[in-house]
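Read off the chains here:
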Amino acid sequence: MASAPPAPRIHWFARLEHRIHVWREGRARRRGRIATILPFPGYGGPGWVRVVGRVLIVPPLRKTRDGEPASVRGWRSFVGIPVSFAAVTVHFGDSTHQVVADRGGVVDTVIHVDLEPGWQTFTISVEGQEPVEARAFIVAKDTTFGVVSDVDDTVMVTALPRPFIAFWNSFVLDEHARLPVPGMAVLLDQLLRQHPGAPMVYLSTGAWNVAPTLWRFLSRHLFPAGSMLLTDWGPTHDRWFRSGREHKLTNLRRLATEFPHVTWLLIGDDGQHDESIYTQFMEEHPESVAGVAIRRLLPAEAVLAGGRAESEPHAADSAPWVSAEDGAGLRDQLGEAGILN
């Protein structure tokens, strides 16, 4: 009888991180703090929905005199305490589903339920707390076009690749001081208006901690609502930090599998690895790519980002590939390529 394969060894840093989270959670609970679930916009298709959220113990949300969320500095997004392996209840009308968060408190699961196409709402609760409202965009079975967009330096100016700039923008800068890339909101809005019912997915290597701040940023600057696929910056079982490249490729491959009838317009920038990621995905799933639009960083941004990434070659007979310095330039080139009227 063959012996069972040995269990994978967990990186010592991951074990240390988990112990710190457990200690912080215990300390917070002794002070009477309770867990809550922060839902993130998900997506789905006929008969299923991908539910995404995170279970945290968070400090009370500061509000203005008008009752609106107060502006916060980036570091406040990272002070929440993740609750490992929390039991979460998802409510779709009269049906109830039990799921479990992962070691980092992240809920990312598929639930089989029939919902109408478009944005749909449901509720999520944890530890008997009052349910909170969550949203997911359900893609109709006859939809054939969708948009996937990076966030950092594609819709939001961050100069993320340079470590000090990334630290300043992510942890110190007030969220209202962050600037949108000119013309990108108009471009995305026009794409979705031209393709009613198309899914909009914001795929980023940013941490789930910043999802609420990112959602407010997108709403404030009139970007179209979309599903969010971010990541956990913490260690994995075999490495210090998660691979941003692998995170993007994994989710692109998953979208191609989940929606084989949809071709995606992939939007990114040339400051990180979007070009090489999109090139590899095009080689693997050419039938799933409607085109690629790359925002070229301005010279000053490229310096802050530590220099431009090398452009990857792409086949002449592949999907249209365009590049420009802002949303207006990309809009013009997408029009010339026949993707945007």
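Structure first, text after, so check above.
K.L.:
Pulling in residues and values, what's your account of the overall build of the chain?
P.N.:
For the chain, the count of helices and strands is eight helices and 14 strands. Buried residues in the chain amount to 49% of all 341 residues. Long-range pairs, those at least 24 residues apart, make up 71% of the contacts in the chain between residues at least 6 apart in sequence. On the chain, roughly 16700 Å² of surface is accessible, and the fraction owed to carbon and sulfur atoms is 56%.

K.L.:
Which residues make up the pattern of salt bridges, and what are the values?
P.N.:
Inspection of every chain in the model, using the stated rule, returns seven salt bridges. The residue Asp 150 makes a salt bridge to Lys 248 at a minimum N-O spacing of 3.0 Å. Of this pair, Asp 150 sits in the loop between β9 (145-149) and α2 (163-172) while Lys 248 sits in helix α5 (residues 244-258), placing them 98 residues apart in sequence. On the accessibility criterion, Lys 248 (4% relative accessible area) is buried. For Lys 248, the salt bridge identified is with Asp 274, shortest N-O distance 2.6 Å. Residue Lys 248 is located in helix α5, and its partner Asp 274 is located in helix α6 (residues 274-284); the two are separated by 26 residues in the primary sequence. What makes Asp 274 buried here is its relative accessible area of 1%. Shared partners join several salt bridges into a network, and the residues in it are Asp 150, Lys 248 and Asp 274.

The rules behind each value
Residues numbered from 1 in each chain as written. Predicted model: local features only at pLDDT ≥ 70, side-chain atom pairs only at ≥ 80, totals over all residues. Heavy atoms only, no water. Helix = DSSP H or I, 4+ residues; strand = E, 2+ residues; numbered from the N terminus. Buried < 20%, exposed > 50% of the residue type's maximum accessible area, 1.4 Å probe, protein only. Contact = heavy atoms within 4.5 Å. Areas by Shrake-Rupley, 256 points an atom, 1.4 Å probe, with all protein chains shown as cover. Salt bridge = Lys/Arg side-chain N within 4 Å of Asp/Glu carboxyl O.

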